Amino acid sequence: MFKLPELDYEYGALSPAISADIMQLHHSKHHQTYVDKLNAALEKYPDLQNQPIEDLLQTLDELPEDIRTAVRNNGGGHYNHSLFWKVMTPGGSQPTTELLGKINQEYGDLETFKSNFTQAALGVFGSGWVWLLPDMSITTTPNQDSPISEGVVPLLGLDVWEHAYYLDYKNVRPDYIKAWWGVVNWSKVSELAQKS
Ligand SMILES: [Fe+2]
């Protein structure tokens, strides 16, 4: 059985970048629903229930066909959101010198990286995610697809589904992204980069 992870901060702690209302809805309703639907899909397959979510998402093609799409969407939703909560922290935090060095090598400076990442996020049509990968490349995925399905552990992910910002920003995705940079937990991203 998969479980909704607890947040390391209160629902209101990322405000004003992300309001308590959005955080509560996003975590306790949207993410909870992905977890519930993932568990429902795995009900008939007890052997799969104890596998790490990363393993399920990396072996989608080997899963029983009747649950493949449900695991892809809801397992992806569970994995992606679990990372998303971790890469945010009240007030944001700083990258390590090591990570900053890698970013600078690829993009010149952090501001240029942020600008490229933002452009990628604005380019996601409909619902999806934008990611920083261990090789310092930026990529996007539609829906709840995740780089982990390609065997790549993302370091940073930004949810650009409207459910992530509509209550606060209506349809203005650029304002959401601009505010989001202020709560990025760069020390967590650095920790993930070191492990990758
Ligand atoms: Fe979301």
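Along each chain, numbering runs from 1 in the same order as the chain's sequence is written. Two thresholds apply to this predicted model, a pLDDT of at least 70 for residue-level local features and 80 or more for giving and counting side-chain atom pairs, whereas whole-chain, interface and lining totals are computed over all residues. Hydrogens and waters are ignored; side-chain quantities use all the structure's heavy atoms.

Participant: Whenever I open this one, the overall build of the chain confuses me. Can you help?
Facilitator: Only DSSP runs of H or I reaching four residues or more are called helices, and only runs of E reaching two or more are called strands; each is numbered from the N terminus. Along its length, the chain carries nine helices and three strands. Beginning at the N terminus, the succession of helices and strands in the chain can be written as α-α-α-α-α-α-β-β-β-α-α-α. Here the globule rule reads 2.2 Å times residues to the power 0.38, and the radius of gyration is calculated from C-alpha atoms. Whereas a compact globule of 196 residues would reach a radius of gyration of roughly 16 Å, the chain reaches 17 Å, a difference of no more than 12%. Expressed as lengths along the three principal axes of its C-alpha atoms, the size of the chain is roughly 50 × 35 × 30 Å. Expressed as a percentage of the 196 residues in the chain, the buried residues total 46%. Here's how the labels work: a residue is buried when its accessible area is under 20% of the maximum for its type, exposed when over 50%, partly exposed in between, all with a 1.4 Å probe on protein chains only.

Participant: Mind showing me how you'd approach the coordination of the iron ion here?
Facilitator: When four donors bind a metal tetrahedrally, each ideal donor-metal-donor angle is 109.5 degrees, and when six bind octahedrally, the ideal angles are 90 or 180 degrees. Nitrogen, oxygen and sulfur within 2.8 Å of a metal are treated as its donors, or within 3.2 Å for sodium, potassium and calcium (Na, K, Ca); water is not counted, so a site can appear incomplete. Those protein atoms acting as donors to the iron ion are His-26 (NE2), His-81 (NE2), Asp-159 (OD) and His-163 (NE2), and they sit at 1.9 to 2.1 Å. By the criteria applied here, four donors are tetrahedral when all angles lie between 85 and 135 degrees, four are square planar and six octahedral when opposite donors are over 155 degrees apart and every other angle lies between 65 and 115, and any other arrangement is irregular. Each of the four donor atoms around the iron ion contributes to a set of angles spanning 90 to 136°, which defines the coordination as irregular. Sequence positions of the residues that donate to the iron ion give the spacing H-x54-H-x77-D-x3-H. In this pair, His-81 sits in helix H4 (residues 65–86) while Asp-159 sits in strand E3 (residues 156–159), placing the two residues 78 residues apart along the sequence. No difference in accessibility class separates His-81 from Asp-159, as the two residues are buried.

Participant: Looking at this structure, how should I read the sheet that holds strand E2 (residues 138–142)?
Facilitator: Sheet strands pair by backbone hydrogen bonding; their relative direction is either parallel or antiparallel. Two strands are said to pair when DSSP picks up at least two bridges between them. Taken together, the three strands give an open sheet; going across it, the order is E2-E1-E3, and neighbouring strands pair in antiparallel fashion. Of all strands in the sheet, those with a lone pairing partner are E2 and E3, marking the two edges. Within the sheet, the average angular offset between the axes of one strand and its neighbour, ignoring direction, is 20°. Pairing of strand E1 (residues 128–132) with E2 involves five bridges; the strand directions are antiparallel. Bridged to Trp-129 within E2 is Thr-141. Of the strands in this sheet, E1, E2 and E3 touch helix H6 (residues 110–122), which is tilted by about 160° from E1. For helices, the axis comes from a line fit to the C-alpha atoms of the stretch in contact; other axes are also lines fit to C-alpha atoms, and the angle between any two N-to-C directions lies between 0 and 180 degrees. The contact criterion used is simple: two residues touch if any of their non-hydrogen atoms lie within 4.5 Å.

Participant: Sorry if this is basic, but what is going on with the pattern of salt bridges here?
Facilitator: Close approach of charged atoms lets side chains of opposite charge pair. Salt bridge, as used here: a side-chain nitrogen of Lys or Arg that lies within 4 Å of a carboxyl oxygen of Asp or Glu. Tallied over the entire structure, the rule returns six salt bridges. Two residues, Glu-111 and Lys-114, come together in a salt bridge whose shortest N-O distance is 3.6 Å. Remark: Lys-114 and Glu-111 occur in helix H6; sequence separation between them is three residues, near one turn of the helix. For Lys-114, a relative accessible area of 18% corresponds to the buried category. In this structure, Glu-191 and Lys-188 form a salt bridge, with 3.2 Å as the shortest nitrogen-oxygen distance. Taken together, the residues Glu-191 and Lys-188, both in helix H9 (residues 186–195) and three residues apart, mark about one turn of the helix. Relative accessible area serves as the criterion here: at 36%, Glu-191 is assigned to the partly exposed category. One network of salt bridges, in which partners are shared, links Lys-188, Glu-191 and Lys-195.

Participant: How should the domain arrangement of the chain be read in this particular structure?
Facilitator: How big an interface is tends to be stated in terms of the accessible area lost upon association of its parts. Either an automatic procedure or a domain database provided the assignment from which the domain bounds are taken. On domain assignment, one finds that the chain holds domain 1 (19–86) and domain 2 (97–195). Here the C-alpha centroids of domain 1 and domain 2 sit 20 Å apart. Each partner contributes residues to the interface: domain 1 has 21 residues there, and domain 2 has 26 residues. Using a 1.4 Å probe, buried area is obtained as the accessible area two parts lose upon being combined, added over both of them. When domain 1 packs against domain 2, the two sides together hide about 1,800 Å² of surface, and 58% of this comes from carbon and sulfur. If you look at where domain 1 meets domain 2, you find one salt bridge. Here Asp-145 makes a salt bridge to Arg-72, at a shortest N to O gap of 2.8 Å. Mapped onto the side of domain 1 that touches domain 2, the elements with two or more residues apiece are helix H1 (20–42), helix H3 (53–58) and H4. Looking at the side of domain 1 that touches domain 2, the element that brings in the most residues is H4, giving ten residues. Any residue that is not Ala, Val, Leu, Ile, Met, Phe, Trp, Tyr, Cys, Pro, Asp, Glu, Lys or Arg is counted as polar, Gly included; the first ten are nonpolar and the last four charged. The class makeup of the residues in the side of domain 1 that touches domain 2 is eight nonpolar, nine polar and four charged.

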